[in-house]
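Examining the three-dimensional arrangement
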Amino acid sequence: MDENNRTDKDILMKGVKKLGISLLCMFAGPSLSYIALSNKDKSLYIPLLIASIAICIAAIVLLYIGINTILKSMFKK
């Protein structure tokens, strides 16, 4: 095996960290959404709903970026 075909471990760890943050967002977003939707009469309904939607979108984006980072570490372009 050629030395150039090895996985770059630094880039791989960056991708794994992004996936870990994405996993946290995957649990936090729907939890906040549930809390916001169960308390529609409270004053923090709209801000919590907006924050939960933003966290859910961030989870999807971080998942995509993390997988791309891991693939770049394995298959250098």
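See the structure above.
Residues take numbers from 1 onward in each chain, read along the sequence in its written order. Thresholds applied to this predicted model are a pLDDT of at least 70 for local features of residues and 80 or more for the giving and counting of side-chain atom pairs; totals over whole chains, interfaces and linings are not thresholded and use all residues. The side-chain quantities take in all heavy atoms of the structure and omit both hydrogens and water.

1. Concerning the overall build of the chain
Secondary structure elements are defined from DSSP: runs of H or I of at least 4 residues count as helices, runs of E of at least 2 residues count as strands, and each element is numbered from the N terminus. Summing up its helical and strand segments, the chain has 2 helices and 0 strands in all. The C-alpha radius of gyration computed for the chain amounts to 18 Å, which surpasses the reference 11 Å derived for 77 residues by more than 25%, pointing to a less compact arrangement than a globule. The principal-axis extent of the C-alpha atoms belonging to the chain is close to 65 × 15 × 10 Å. Only protein chains enter the area calculation, which uses a 1.4 Å probe; residues under 20% of their type maximum are buried, those over 50% are exposed, and those in between are partly exposed. Looking at the 77 residues of the chain, the share that counts as buried comes to 16%. Whether two residues are in contact is decided by their heavy atoms, any of which lying within 4.5 Å being enough. Within the chain, contacts between residues at least 6 apart in sequence are counted, and of these 76% link residues at least 24 apart. Positive charges are assigned to Lys and Arg, negative charges to Asp and Glu, while His and the chain termini are left out of the count. In this description, the location of a charge corresponds to atom NZ of lysine, CZ of arginine, CG of aspartate or CD of glutamate. Mean positive and mean negative side-chain charge positions of the chain (10 and 5 charges, respectively) differ by 7 Å. When we talk radius of gyration, it's over C-alpha atoms, and the globule rule is simply 2.2 Å times the number of residues to the 0.38.

2. Description of helix H1 (residues 9-38)
For an α-helix, 3.6 residues make a turn, and residues three or four places apart therefore share a direction. Under the convention used throughout, the expected extent of a helix is 1.5 Å for every residue step, that is, one less than its residue count. Its 30 residues give H1 an end-to-end C-alpha distance of 44 Å, which sits within 8% of 44 Å, the value for a rise of 1.5 Å per residue. Against helix H2 (45-74) lie the buried residues of H1.

3. As for the side chain of Ser52
Relative to the helices and strands, Ser52 is located in helix H2. Among the residues examined, Ser52 registers a relative accessible area of 1% and is labelled buried. With sequence-adjacent residues up to four places away left out, Ser52 is seen in contact with Gly29, Leu32 and Ser33.

4. A closer look at the environment of Leu49
Position of Leu49 relative to the elements: it lies in helix H2. For the pair Leu49 and Val61, spaced 12 residues apart in sequence, the C-alpha separation works out to 19 Å. For Leu49, the residues in contact, after removing those within four places along its chain, are Ala36 and Leu37.

5. Quick notes on H2
Between its terminal C-alpha atoms H2 stretches 44 Å, which fits the 44 Å expected from 30 residues at 1.5 Å a residue. When H2 is considered as a whole, its buried residues turn out to be Tyr45, Ser52, Ala59, Gly66, Thr69, Ile70 and Ser73. On the buried face of H2, the contacting elements are H1.

6. Some details on the environment of Ser22
In this fold, Ser22 is placed in helix H1. A relative accessible area of 0% places Ser22 in the buried class. Considered as a pair, Ser22 and Pro47 are 25 residues apart in the sequence and their alpha carbons are 21 Å apart. Non-local contacts of Ser22, meaning those with residues more than four positions away in its chain, are made with Ala59, Leu62 and Leu63.

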